[in-house]
Amino acid sequence: PGLCYLPIYKNWSPNARYSAPVSPTNGLSQEVVPECDGMAELRVWVNGADLPANGRTLFVARDPAADRDLAQAITANADLPHGGWFSLAFEPQWHSRGKLYLLRITQPQDSPEDGARIALTAREEYPEVKLTENSMPVDADLVFRYGCVAGLGKLFPALRAPIIRVE
């Protein structure tokens, strides 16, 4: 039981390169196209170190085809890992294979300071998906993973790990 996490990075170095802090002029949007059904989590490598503690970051997992958010969280910089995964969990998307989703990371309008820095790959690891910064394409990807329900969890719902809602 549990989730299987993809993609597997060829050049794993999540702390090597970070974006500028998320701000009103620096929002990120990463396309995600899962290779599996039952996607139930999106995670991204973040760094909340050396940022104003009262700054906040908005994370949104979105299904643009259905025009709905799967999960969202507004998190204070002080509560973010200093080089680690930040996860958004949601109900399994049983027909997620090959479908486009978005992971958007912005600064909430009422945040007094800039938000987190987000890990970037050294180059585009997954050319089938795109990263944009303020609607402009970036020649890299966020260091992200998606988790899909695996093994017996697909057949027996009672074996699935509990879904923790982040809203």
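Calculation criteria
Residues numbered from 1 in each chain as written. Predicted model: local features only at pLDDT ≥ 70, side-chain atom pairs only at ≥ 80, totals over all residues. Heavy atoms only, no water. Helix = DSSP H or I, 4+ residues; strand = E, 2+ residues; numbered from the N terminus. Buried < 20%, exposed > 50% of the residue type's maximum accessible area, 1.4 Å probe, protein only. Contact = heavy atoms within 4.5 Å. Areas by Shrake-Rupley, 256 points an atom, 1.4 Å probe, with all protein chains shown as cover. 1 Å grid on protein atoms, 1.4 Å probe; cavity = no way out; pocket = protein on both sides within 12 Å on 5 of 7 lines; lining within 4 Å. Points joined across faces, edges and corners; volume = space filled by probe spheres on them. Nonpolar A, V, L, I, M, F, W, Y, C, P; charged D, E, K, R; others polar. Phe/Tyr/Trp six-rings, centres within 6.5 Å; stacked < 30°, edge-to-face > 60°. Disulfide = S-S within 2.5 Å. Salt bridge = Lys/Arg side-chain N within 4 Å of Asp/Glu carboxyl O.

Draft legend 1. Quick look at the overall build of the protein. What the protein contains, in helices and strands, is 1 helix and 11 strands. When burial is assessed residue by residue, the protein has 49% of its 167 residues classed as buried. Here the contacts in the protein between residues at least 6 apart in sequence split such that 79% fall between residues at least 24 apart. Accessible surface for the protein amounts to roughly 8300 Å². Of this, 54% is attributable to carbon and sulfur atoms.

Draft legend 2. Structural context of unusual backbone geometry. Cis peptide bonds are those with omega within 30 degrees of zero, and the linkage from leucine 6 to proline 7 qualifies with 0 degrees. Mapped onto the elements, proline 7 comes out in the loop between strand S1 (3-6) and strand S2 (28-32). In this structure, aspartate 67 is a non-glycine residue whose phi angle is positive, near 55 degrees. By the secondary structure assignment, aspartate 67 is in the loop between strand S4 (56-63) and strand S5 (68-76). Residue classification places aspartate 67 among the exposed positions, given a relative accessible area of 56%. In the Ramachandran plot, serine 135 falls in the positive-phi region, its phi being about 70 degrees despite a non-glycine side chain. You can see serine 135 is positioned in the loop between strand S9 (131-133) and strand S10 (136-138).

Draft legend 3. Quick peek at empty space enclosed by the protein. Applying the stated criterion across every chain, the model contains 1 cavity of 30 Å³ or more. Tallied by class, the residues present in the lining of the largest cavity amount to 7 nonpolar, no polar and 2 charged.

Draft legend 4. Inspection of the packing of aromatic side chains at higher detail. What the rule picks out here adds up to 6 aromatic pairs. For the pair tyrosine 9 and tryptophan 12, a centre-to-centre distance of 5.7 Å together with 40 degrees between the ring planes defines the contact as tilted. A residue is classified by how much of its surface remains accessible, and tyrosine 9, at 10% relative accessible area, is buried. What makes tryptophan 12 partly exposed here is its relative accessible area of 45%. Pairwise contacts between aromatic rings join Tyr9, Trp12, Trp45, Trp85 and Tyr126 into one cluster.

Draft legend 5. Quick peek at the state of the cysteines. This structure, assessed with the given rule, holds 1 disulfide. With a sulfur-sulfur separation of 2.0 Å, cysteine 36 is cross-linked through a disulfide to cysteine 148. Around the S-S axis, the bridge from cysteine 36 to cysteine 148 shows a dihedral of about 65 degrees and counts as right-handed. Residue cysteine 36 is found in the loop between S2 and strand S3 (39-47), and its partner cysteine 148 is found in strand S11 (residues 144-149); the two are separated by 112 residues along the sequence. Classification of cysteine 36 by relative accessible area gives buried; the value is 10%.

Draft legend 6. How the structure looks around the pattern of salt bridges. One pass over the structure, following the stated rule, counts 6 salt bridges. Notably, a salt bridge pairs arginine 56 with aspartate 110, separated by 2.4 Å at the nearest N-O pair. Residue arginine 56 is found in strand S4, and its partner aspartate 110 is found in the loop between strand S7 (101-106) and strand S8 (117-118); the two are separated by 54 residues along the sequence. Between lysine 99 and aspartate 63 there is a salt bridge, and its shortest N-O distance comes to 2.9 Å. Separated by 36 residues along the polypeptide, lysine 99 in the loop between strand S6 (82-93) and S7 and aspartate 63 in strand S4 bring together distant segments of the chain. Relative accessible area serves as the criterion here: at 27%, lysine 99 is assigned to the partly exposed category. By sharing partners, the salt bridges in this structure join Arg62, Asp67 and Asp69 into a single network.

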